[in-house]
Amino acid sequence: MERHNNFDLLRLLAALSVIFSHAFLLAENSQDHDPLMLLTGGQAILGLAGVFVFFTISGYLISQSFEATPSPFVFLAKRGLRIFPGLFGCLLVCVFAIGPLVTTLPVGEYLATPGTYLFLLRNAVLNIEYNRLPGVVFWPGNIGGIVDGPLWSLPCEALLYLMLFGLGVCRLLTLPVTLLLLAGGIVCLWLDTAGETFGSTLWLLGFFAAGMCLYRLRDLGPKLFAWHWAALALVGLAFSIPARLFLVACPLFGSYLVIYLALNRRLPVVRAARFGDLSYGLYIYGWPVEQCVIYFSSGYFSGGAAPWWVVFLIAAPVTAAVAFLSWHLIEKRCRWHSRAAARPMLAAAAAGS
């Protein structure tokens, strides 16, 4: 893959934007003060924009991964290893580290309650509707007991991986097909299909399909990723706000801007992954860490709740440290290594022995 890009930086910023946005939601039990909510007149929150960035980049890079992987089943294995090991680690932390500290039940009763293990098992297979642990309430409120809210997008991501796999096996990963998917995704945003997992997947389809389209058009190079097209996309996105069409316009204009910023060769490349690819860990650990910050700091602030900026300033570095451990102890070790890639490492090891 061409390494002169800023995909790592954009994914890192997307993950941080989700944590930043959730600081408002969790500290205030409201999205009213979210910066993007204010900018768009209530049409979207910043955390949602971060999810859109993730899905756009996934559409582009996963299309590339399918073409670069000789076996479609190896492709599936790669995708599974990208999602599940890190997720399992996060669920274990939530169940056996956070749960016993927060639950109102005696620890022995908490560990003996079937619901504790149902949370672990169901979320491990991406059944994210089961999102609470027995007796675990971080703060009183309608979302105060949700252990890890961002997990809602993982089954959507997995379904879109399977969609791309099916299209690839059937040799349908073509520009006309991806354009049809983009159009269908925009319609689903217009109809607001978000809700259950399948509806939410359709709601996010436009962003994933936009990434797929831009990958298919990649050979246009400078003609496609030119500053005047980026300026036009920015204008289109700006005009969509007063037209109350911001979400509908995002797959078309926003996704283009994401890939433009990632691949623009005039922009300096920021080594955002120098300490590891932390974006996934930031995304899945951010919410539970923020919930813990609110829970453990509740007695130190008037009104019982930490302000959003305190939640973010504490949660961001803590989550980054946890994401660092997740990457180096779990995710990095579970990446797919092909035999061809393994041979040089084995040869080097043999030469040094």
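Preceding block: the structure.
Residues numbered from 1 in each chain as written. Predicted model: local features only at pLDDT ≥ 70, side-chain atom pairs only at ≥ 80, totals over all residues. Heavy atoms only, no water.

### Digging into the overall build of the protein
Okay, so step 1: Assigned secondary structure in the protein consists of 14 helices and 0 strands.
Okay, so step 2: Beginning at the N terminus, the succession of helices and strands in the protein can be written as α-α-α-α-α-α-α-α-α-α-α-α-α-α.
Okay, so step 3: Rg of the C-alpha trace for the protein: 21 Å, near the compact-globule value of 20 Å for 353 residues, within the 12% margin.
Okay, so step 4: Expressed as lengths along the three principal axes of its C-alpha atoms, the size of the protein is roughly 65 × 60 × 35 Å.
Okay, so step 5: Within the protein, the fraction of its 353 residues that count as buried is 50%.
Okay, so step 6: Of the contacts made within the protein by residues no fewer than 6 positions apart, 76% connect residues no fewer than 24 positions apart.
Okay, so step 7: For the protein, the accessible area works out to roughly 16,900 Å², and carbon and sulfur atoms hold 70% of it.
Okay, so step 8: Between the mean site of the 21 positive side-chain charges and the mean site of the 16 negative ones, the protein shows a separation of 15 Å. (Helix = DSSP H or I, 4+ residues; strand = E, 2+ residues; numbered from the N terminus. Rg over C-alpha atoms; globule rule 2.2 N^0.38 Å. Buried < 20%, exposed > 50% of the residue type's maximum accessible area, 1.4 Å probe, protein only. Contact = heavy atoms within 4.5 Å. Areas by Shrake-Rupley, 256 points an atom, 1.4 Å probe, with all protein chains shown as cover. Lys, Arg positive; Asp, Glu negative; His and termini not counted. Charge placed at Lys NZ, Arg CZ, Asp CG, Glu CD.)

### With respect to the packing of helix H4 (residues 72–102) against helix H6 (residues 114–124)
Okay, so step 1: Viewed as axis vectors pointing N to C, H4 and H6 meet at an angle of 165°, and their least axial separation amounts to 10 Å. Judged by the angle between their axes, H4 and H6 are roughly antiparallel. Considering how the two elements wind past one another, H4 and H6 form a crossing that is right-handed. When H4 is examined against H6, the residues Phe84, Leu87, Phe88, Leu91, Leu92, Cys94, Val95 and Phe96 are found in contact with a partner set consisting of Thr116, Tyr117, Phe119, Leu120, Asn123 and Ala124.
Okay, so step 2: Its residues assigned to classes, the contact of H4 with H6 comprises 12 nonpolar, 2 polar and no charged. (Axes fitted to C-alpha atoms, helices over the stretch in contact; angles between N-to-C directions. Parallel < 35°, antiparallel > 145°, perpendicular 65-115°, else oblique. Left-handed = near helix turned anticlockwise from the far one by under 90°. Nonpolar A, V, L, I, M, F, W, Y, C, P; charged D, E, K, R; others polar.)

### Concerning a nonpolar patch on the surface
Okay, so step 1: Among the surface-exposed residues, Leu92, Phe96, Val107, Leu111, Tyr117 and Leu121 lie close enough to one another that they form a single nonpolar patch of about 510 Å² accessible area.
Okay, so step 2: When residues of the nonpolar patch are traced back to their parent elements, those giving at least two are H4, helix H5 (107–112) and H6.
Okay, so step 3: Considering the arrangement of structural elements, one finds Leu111 in helix H5.
Okay, so step 4: You can call Leu111 partly exposed: its relative accessible area is 32%. (Patch = residues over 30% accessible without salt bridge, like charges linked within 9 Å, V, L, I, M, F, W, Y side chains within 5 Å. Salt bridge = Lys/Arg side-chain N within 4 Å of Asp/Glu carboxyl O.)

### Section: the packing of aromatic side chains
Okay, so step 1: Under the definition given, this model contains 16 aromatic pairs.
Okay, so step 2: On the numbers, 5.3 Å between centres and 80° between planes, the contact of Phe20 with Phe24 is edge-to-face. Highlighted residues: Phe20 and Phe24, both in helix H1 (residues 7–28), separated by 4 residues, approximately one helical turn.
Okay, so step 3: Take Phe24: its relative accessible area is 5%, and that puts it in the buried class.
Okay, so step 4: Among the aromatic residues, those joined into a ring-pair cluster are Phe20, Phe24, Trp308 and Phe312.
Okay, so step 5: For Arg79, the ring lying beneath its charged end belongs to Tyr161, and the centroid distance is 5.5 Å.
Okay, so step 6: Directly above the aromatic system of Tyr215 lies the positively charged group of Arg218, at a separation of 3.9 Å from the ring centroid. (Phe/Tyr/Trp six-rings, centres within 6.5 Å; stacked < 30°, edge-to-face > 60°. Lys NZ or Arg CZ within 6 Å of the ring centre and 35° of its normal.)

### Comments concerning helix H10 (residues 227–240)
Okay, so step 1: With 14 residues, H10 should cover 20 Å at 1.5 Å per step; its first-to-last C-alpha distance of 20 Å lies within 8% of that length.
Okay, so step 2: Those residues of H10 lying buried are Ala230, Ala233, Gly236, Leu237 and Ser240. Mapping the buried residues of H10 onto a view down its axis gives an arc of 120°, with all of them on the same face. Relative to its buried face, H10 has exposed residues pointing more than 90 degrees away, namely Trp227, Leu234 and Phe239.
Okay, so step 3: Looking at the packing, one finds that the buried side of H10 touches helix H11 (246–263). (Expected span 1.5 Å × (residues − 1). Arc of directions from axis to C-beta.)

### Considerations on the environment of Leu13
Okay, so step 1: Along the polypeptide, Leu13 turns up in helix H1.
Okay, so step 2: The sequence separation of Leu13 and Ala320 amounts to 307 residues, and the corresponding C-alpha distance is 12 Å.

### Some points on H11
Okay, so step 1: With 18 residues, H11 extends 24 Å from end C-alpha to end C-alpha; this agrees with the ideal 26 Å at 1.5 Å per step.
Okay, so step 2: At Leu252, H11 shows its strongest bend, of approximately 40°.
Okay, so step 3: With 14 of its 18 residues buried, H11 lies for the most part within the structure. (Bend = angle between axes of the 7 residues up to and from the residue.)

### What about the environment of Cys94?
Okay, so step 1: Position of Cys94 among the secondary structure elements: in helix H4.
Okay, so step 2: Overall, Cys94 belongs to the buried group, its relative accessible area being 1%.
Okay, so step 3: For the pair Cys94 and Ser279, spaced 185 residues apart in sequence, the C-alpha separation works out to 19 Å.
Okay, so step 4: Setting aside anything within four residues of it in sequence, one finds Cys94 in contact with Gly99, Tyr110, Phe119, Leu133, Val147 and Pro288.

### With respect to the side chain of Ser30
Okay, so step 1: For Ser30, the location among the structural elements is in the loop between H1 and helix H2 (35–39).
Okay, so step 2: Aside from chain neighbours lying at most four places away, what touches Ser30 is Phe24 and Leu25.

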